[in-house]
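Each chain, written out:
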Amino acid sequence: MQIKLAKTAGFCFGVNRAVNLVYDLVNKGEKVSTFGPIIHNKQVVEDLEKKGVKSIESPSDCQEGYKIIIRTHGVEKSIVDDIEQKNIPYINATCPFVLKIHKIVSEQEEGTITLIAGNENHPEVMGIRSFCKGESYVFQNEKELEKLITDKALCLKNNVICVSQTTFSIEEWKKCEKFIKKVCTNFKIFDTICNATSDRQKEAETLSKECDAMIVVGGRHSSNTCKLRDVCSENAPTFLIETADELSDIDLSSYNVVGVTAGASTPSVIIKEVLKTMSEEIKEKEVETTEEVVETAETAEQADKAAVDASADGEETFAEMLEQSFSEDSTSKVVKGIVVNITPTEVFVDVPGRKQTGVIAYDDLSAEPFDKCEDVVSIGDELDLIIMKTDDQDGVLKLSKKLTDAFKGWDEIVAAKEADEVLEGVVTAVVRGGVLATVKGTRVFIPASLSGVPRNQELDVLKGATVRFRIIDINPARRRAVGSIKVVANEERKAAEEAAWAKLEEGMKLTGNVKSLTSYGAFVDIGGVDGMIHISELSWNRIKHPSEVVSVGDQVEVTIKALDEENKKISLGFKKIEDNPWEILKRDYPVGTEVEAKIVGLAAFGAFANVIPGIDGLIHISQISWDRVKTPADVLKVGDVVKAKITEVDFDKKRVSLSMKELLEKPEEVIDELEDAE
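This write-up is about the structure you can find in this document. Since the structure is predicted, the reported quantities are computational estimates derived from the model, not experimental observations.

**Some details on the overall build of the protein**
- Helix and strand content of the protein: 18 helices and 33 strands.
- Within the protein, the fraction of its 678 residues that count as buried is 46%.
- Intrachain contacts of the protein at a sequence separation of at least 6 include 64% that bridge at least 24 residues.
- A total of about 35,600 Å² of accessible surface is found on the protein, and carbon and sulfur atoms cover 46% of it.

Structure below.
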């Protein structure tokens, strides 16, 4: 039997945030009460209860000295008001995606009717309803929605909006959305299903089509877990379990390929226990994941071979040296030594029971980067060491601390692989096919394809850098470990994006940094996500390229014009209204103002002149001179600067009329003045 694990299985961003918050407070010694279960997972709730966390159902139940943590699903508005009125300290751990729905419904006009896709008895839905400005109704499917619209004659109403529970079924939501757009075009629809829920359900659907059976791990009262079960059951026999113990009641022997996914409130430790139990039952056959372990043509076996070849300067790998060290009398190869002297290049130790002086060379002291030997050991330290060579002629023992560190660290590397732990190490060497990162005294090979460095960039940029990675493959027999920086970076980037998207709103003003320029606009990092300023939004004047206004690295103030959550696109505004040349014209250049204008174009009917940057006006041929002008080109040319008066402005049509002749004396007036003088 083959096991396939969904890569989206386990805690989502909101749940992970809330659970970590509670555990951090408990570890700091604070007294904590959660308003209802922090998440819908019995095992997590029971573990928190053992640590002294109390679950309450009313602010009045909170004991003195305790802090209230509001659960991820959120609570009703009246409860928050009650907590604040009683001056009880609290932290709102409501998922940001749920808070976004609260904001949407609370910002509607008074009397707005709100339709909510979800379970009316679920705490999240109850919380949403409490923020509504008018009547609210809940439906669970297209049939209930149709009945609701018909019974309440909602198509005749003008102020109706529709939102959904964050864990609502995507497939059912699409049906409901299609029905609304068909029969009630006046409804305003907000797609508020959480991105993590969407991704999880889509992957579960795909995975269930590839497998003979599905195991869904999670609480039976968890909405998103039940949705996963429903999605999977349409394509394969599906079993919902809360813990690995329940596997004993399920016969999987008749299935060749079994998929495993888990709800957003299922801890990774439970998922791993399920996988471990299933693996033991199938005699430890390989567990595959839907995420490729090695993302290029390299297989784990090839990556392992690269690790063997990756020893710096052609030296033996740690594993080979360790195996060689223990190949003879192991009791004579591992010794304890006490540091008696330290020099810039060597550490001298006293080895009880040995006549020779023990010497640890600088290169054999530690695999971790260091400057001085004193940074690693001190006089009097007792060390576990491996004898590399006995030189009776010189009377010294050549010892290695680096090898014993690697040997001890191997068990921690294996444990990190089992726990799916993120490790932090320093890149100490660039080798053929990748880099070597040292962690816990052990070197881990990271293939170039999993380093996170673009193909066109040298791996040398990583040397000396501290990096975060996961162990994705180990060879216990040869003590080889392969890691991936890329998988951790992708997870962290995705979590940051989810957190950022949960906070974004149209009209929000932000400060960001210009990341790149294209012919059609500028891409700006606004804190974990990128948005684009279209070239038309960069300046009120016509420009040929964004580089005329901004450069890569510039810090800019922008406004969110539009959010496309489905396609993950953000449109940004950059132009300020006060810089609008038409606003400047209205403020500083009223009709009658005399200006110096530069001729920028000629036509048969007149000349176009630049009044202020961004605005050109028309000097009609009849307004050029009191004398008859046959064609503007007879008296004007492009580039001439002339004096003109603003005679008319049409702000709606964006037109400005200018006159040169109004600043000139009329010929008749000149003649009259001469006659009067006589």
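After that view of the structure, there is still more to cover.
**Observations concerning the packing of aromatic side chains**
- All told, the structure shown has four aromatic pairs when counted by the stated rule.
- On the numbers, 6.4 Å between centres and 85° between planes, the contact of Tyr520 with Phe523 is edge-to-face.
- Of the residues examined, Tyr520 reaches a relative accessible area of 42% and is grouped as partly exposed.
- Residue Phe523 is classed as partly exposed on the basis of its relative accessible area of 25%.

**Re the state of the cysteines**
- Inspection of the entire model under this criterion finds one disulfide.
- Two residues share a disulfide in this structure: Cys155 and Cys184, whose sulfurs sit 2.0 Å from each other. Residues Cys155 and Cys184 share a disulfide whose torsion about the S-S bond is about -55°; that sign makes it left-handed. Remark: Cys184 occurs in the loop between helix H7 (170-183) and strand S9 (188-189) and Cys155 occurs in the loop between helix H6 (142-151) and strand S8 (160-164); sequence separation between them is 29 residues.
- Not part of a disulfide, Cys194 finds its nearest cysteine sulfur in Cys95, a span of 5.7 Å.
- By relative accessible area, Cys194 is classed as buried at 7%.
- Here Cys232 is not cross-linked by a disulfide; its sulfur's nearest cysteine counterpart is in Cys211, at 8.8 Å.
- What makes Cys232 buried here is its relative accessible area of 0%.

**Some thoughts on the side chain of Thr197**
- Within the secondary structure, Thr197 sits in helix H8 (residues 195-210).
- Take Thr197: its relative accessible area is 9%, and that puts it in the buried class.
- Excluding anything up to four places from it in sequence, Thr197 contacts Thr166, Thr167, Phe168 and Ile170.

**Quick look at the sheet that holds strand S32 (residues 641-650)**
- Reading around the barrel, the five strands line up as S29-S30-S31-S33-S32 and close back on themselves, with mixed pairing between neighbours. Shown here is a sheet whose adjacent strand axes are inclined to one another by a mean of 50°, direction ignored.
- Pairing of S32 with strand S33 (residues 655-659), which is carried by five bridges, proceeds in the antiparallel orientation. Bridging from a neighbouring strand, Lys645 pairs with Ser659 of S33.

**Here's the deal with the environment of Ser268**
- Mapping Ser268 onto the fold places it in helix H10 (residues 268-281).
- Taking the C-alpha atoms as reference points, Ser268 and Asp420, separated by 152 residues in sequence, lie 8.7 Å from one another.

**Considerations on the nonpolar core**
- With 23 residues, the main nonpolar core has Val22, Val32, Ile38, Ile39, Leu48, Val53 and Ile69 as its most contacted residues.
- Among the secondary structure elements, those contributing two or more residues to this core are helix H1 (13-27), helix H2 (42-50) and helix H4 (96-106).
- Ranked by residue count, the leading element in this core is H1, at seven residues.
- Among residues more than four places away in sequence, those in contact with Val22 are Val32, Thr34, Ile38, Leu48, Val53 and Ile69.
- One finds Ala597, Val611, Ile624 and Val629 within the second-largest nonpolar core, a separate group that totals 22 residues.

**Structural notes on the pattern of salt bridges**
- Applying the stated criterion across every chain yields a total of 25 salt bridges.
- Of the charged contacts in the structure, one is a salt bridge between Lys42 and Glu242, with a shortest N-O distance of 3.9 Å. You can see Lys42 sitting in helix H2 and its partner Glu242 sitting in the loop between strand S11 (238-241) and strand S12 (257-262), a full 200 residues away along the chain.
- On the accessibility criterion, Lys42 (46% relative accessible area) is partly exposed.
- When its relative accessible area of 10% is taken as the criterion, Glu242 is described as buried.
- In this structure, the salt-bridge partner of Glu491 is Arg470, at a minimum N-O distance of 2.2 Å.

**A word on the side chain of Arg470**
- Positionally, Arg470 belongs in strand S22 (residues 466-475).
- Its relative accessible area of 13% is what places Arg470 among the buried residues.
- For Arg470, the side chain forms a polar contact with the main-chain oxygen of Asp420, separated by 2.9 Å.
- Residues within four places of Arg470 in sequence aside, it is in contact with Asp420, Glu421, Val422, Val482, Gly483, Ser484, Val487, Val488 and Glu491.

**With respect to H2**
- Among the residues of H2, those classed as buried are Val44, Val45 and Leu48. Seen along its axis, H2 keeps its buried residues to an arc of 100°; they face one direction.
- Looking at where H2 begins, the residue whose side-chain oxygen comes 3.2 Å from the main-chain nitrogen of Gln43 is Asn41.
- Trailing H2 by a residue or two, Gly52 shows a phi angle of about 95°, which is positive.

**With respect to the packing of H8 against helix H9 (residues 223-233)**
- At their nearest, the axes of H8 and H9 sit 8 Å apart, and the two run at 30° to each other. Considering their axes alone, H8 and H9 lie roughly parallel with respect to each other. Of the two elements, H8 crosses H9, and the hand of that crossing is right-handed. The segment H8 lies against H9, with Arg200, Gln201, Ala204, Glu205 and Ser208 engaging Lys227, Leu228, Val231 and Cys232.

**A look at the pairing of strand S24 (residues 509-518)**
- When S24 meets strand S27 (residues 555-564), the two strands line up antiparallel, connected through five bridges. Paired with Lys509 across the strands is Thr559, a residue of S27.
- Hairpin connection from S24 to strand S25 (residues 521-525): two residues lie between these consecutive antiparallel strands.

**Remarks on unusual backbone geometry**
- The phi angle at Asp420 is positive, at roughly 55°, despite the residue not being glycine.
- With respect to the helices and strands, the residue Asp420 is situated in the loop between helix H14 (401-419) and strand S19 (422-431).
- At Lys568, a residue that is not glycine, the phi angle is positive and equals roughly 55°.

Reading the values: the criteria
- Residues numbered from 1 in each chain as written.
- Predicted model: local features only at pLDDT ≥ 70, side-chain atom pairs only at ≥ 80, totals over all residues.
- Heavy atoms only, no water.
- Helix = DSSP H or I, 4+ residues; strand = E, 2+ residues; numbered from the N terminus.
- Buried < 20%, exposed > 50% of the residue type's maximum accessible area, 1.4 Å probe, protein only.
- Contact = heavy atoms within 4.5 Å.
- Areas by Shrake-Rupley, 256 points an atom, 1.4 Å probe, with all protein chains shown as cover.
- Phe/Tyr/Trp six-rings, centres within 6.5 Å; stacked < 30°, edge-to-face > 60°.
- Disulfide = S-S within 2.5 Å.
- Pairing = 2+ DSSP bridges.
- Axes fitted to C-alpha atoms, helices over the stretch in contact; angles between N-to-C directions.
- Core = buried A, V, L, I, M, F, W, Y, C linked by side-chain atoms within 4.5 Å.
- Salt bridge = Lys/Arg side-chain N within 4 Å of Asp/Glu carboxyl O.
- Polar contact = N/O pair within 3.5 Å; in protein donor to acceptor, adjacent residues only side chain to side chain.
- Arc of directions from axis to C-beta.
- Parallel < 35°, antiparallel > 145°, perpendicular 65-115°, else oblique.
- Left-handed = near helix turned anticlockwise from the far one by under 90°.

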